[in-house]
Amino acid sequence: MDDKVAIGDRRKLIQQLIQQLPKANVQVAKHVFLTLHKIDANKAINLMNSQNLSIVLTLSMLRNPGASAEALMAAVSSSELFSVVETIISDAEFFFPNS
């Protein structure tokens, strides 16, 4: 997503994408992102903030098993996906209410 997209617009776009997922996928995502949100809430103790968590999650879930270390580092420095995942972690209670 473009950095010029306002946070409210970014959240609306992400929410629309989440709503397009099958219900089972939403339930899994809800559990994962609310757990990561709780980890982020304790970042002073565990040193894992939403940015760190987004990098770990994105690389773990979406990486190519045959990718080189250089390819992974290039992905870290250039991917907008990390920003989207970070937003979902930070605002998990917005995206997955009634928990």
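Everything below is about the structure shown above.
Right, let's walk through the structure included here. Just so it is clear, the model here is predicted, and its values are computed rather than measured.

What follows deals with the packing of aromatic side chains. Applying the stated rule across the entire model yields 2 aromatic pairs. When the ring of Phe33 is compared with that of Phe96, the centres are 6.3 Å apart and the planes differ by 10 degrees; the resulting orientation is stacked. With Phe33 in helix H2 (residues 23–41) and Phe96 in the segment after helix H7 (92–95), the pair connects residues that are 63 residues apart, well separated along the chain. Among the residues examined, Phe33 registers a relative accessible area of 11% and is labelled buried. Taking 5.1 Å as the distance between ring centres and 80 degrees as the angle between the ring planes, the aromatic pair formed by Phe94 and Phe95 counts as edge-to-face. Phe94 gets classed as partly exposed once you look at its relative accessible area, which sits at 31%. Here the basic side chain of Arg11 rests over the ring of Phe94, its NZ or CZ set 3.7 Å away from the ring centre.

With that settled, consider the packing of H2 against helix H6 (residues 81–90). A pair of packed helices is captured by two measures, namely the crossing angle of their axes and the spacing between those axes. As a packed pair, H2 and H6 sit with axes 8 Å apart at the nearest point and diverge in direction by 80 degrees. Considering their axes alone, H2 and H6 lie roughly perpendicular with respect to each other. Facing Phe33, Leu36, His37 and Asp40 of H2, the residues of H6 in contact are Val85, Ile88, Ile89 and Ser90. Residues belonging to the contact of H2 with H6 are distributed by class as follows: 5 nonpolar, 2 polar and 1 charged.

Three or four residues apart is the spacing at which side chains of an α-helix point the same way, because the helix has 3.6 residues per turn. Counted at 1.5 Å a residue, the expected span for helix H1 (residues 7–19) with its 13 residues is 18 Å, and the 18 Å between its end C-alpha atoms agrees. Residues of H1 that are buried: Arg10, Ile14 and Ile18. Angular distribution of buried residues about the axis of H1 spans 75 degrees; they occupy a single face of the element. In H1, the exposed residues that point more than 90 degrees away from the buried face are Lys12 and Gln19. On the buried face of H1, the contacting elements are H2, H6 and H7.

How each quantity is defined
- Residues numbered from 1 in each chain as written.
- Predicted model: local features only at pLDDT ≥ 70, side-chain atom pairs only at ≥ 80, totals over all residues.
- Heavy atoms only, no water.
- Phe/Tyr/Trp six-rings, centres within 6.5 Å; stacked < 30°, edge-to-face > 60°.
- Helix = DSSP H or I, 4+ residues; strand = E, 2+ residues; numbered from the N terminus.
- Buried < 20%, exposed > 50% of the residue type's maximum accessible area, 1.4 Å probe, protein only.
- Lys NZ or Arg CZ within 6 Å of the ring centre and 35° of its normal.
- Axes fitted to C-alpha atoms, helices over the stretch in contact; angles between N-to-C directions.
- Parallel < 35°, antiparallel > 145°, perpendicular 65-115°, else oblique.
- Contact = heavy atoms within 4.5 Å.
- Nonpolar A, V, L, I, M, F, W, Y, C, P; charged D, E, K, R; others polar.
- Expected span 1.5 Å × (residues − 1).
- Arc of directions from axis to C-beta.

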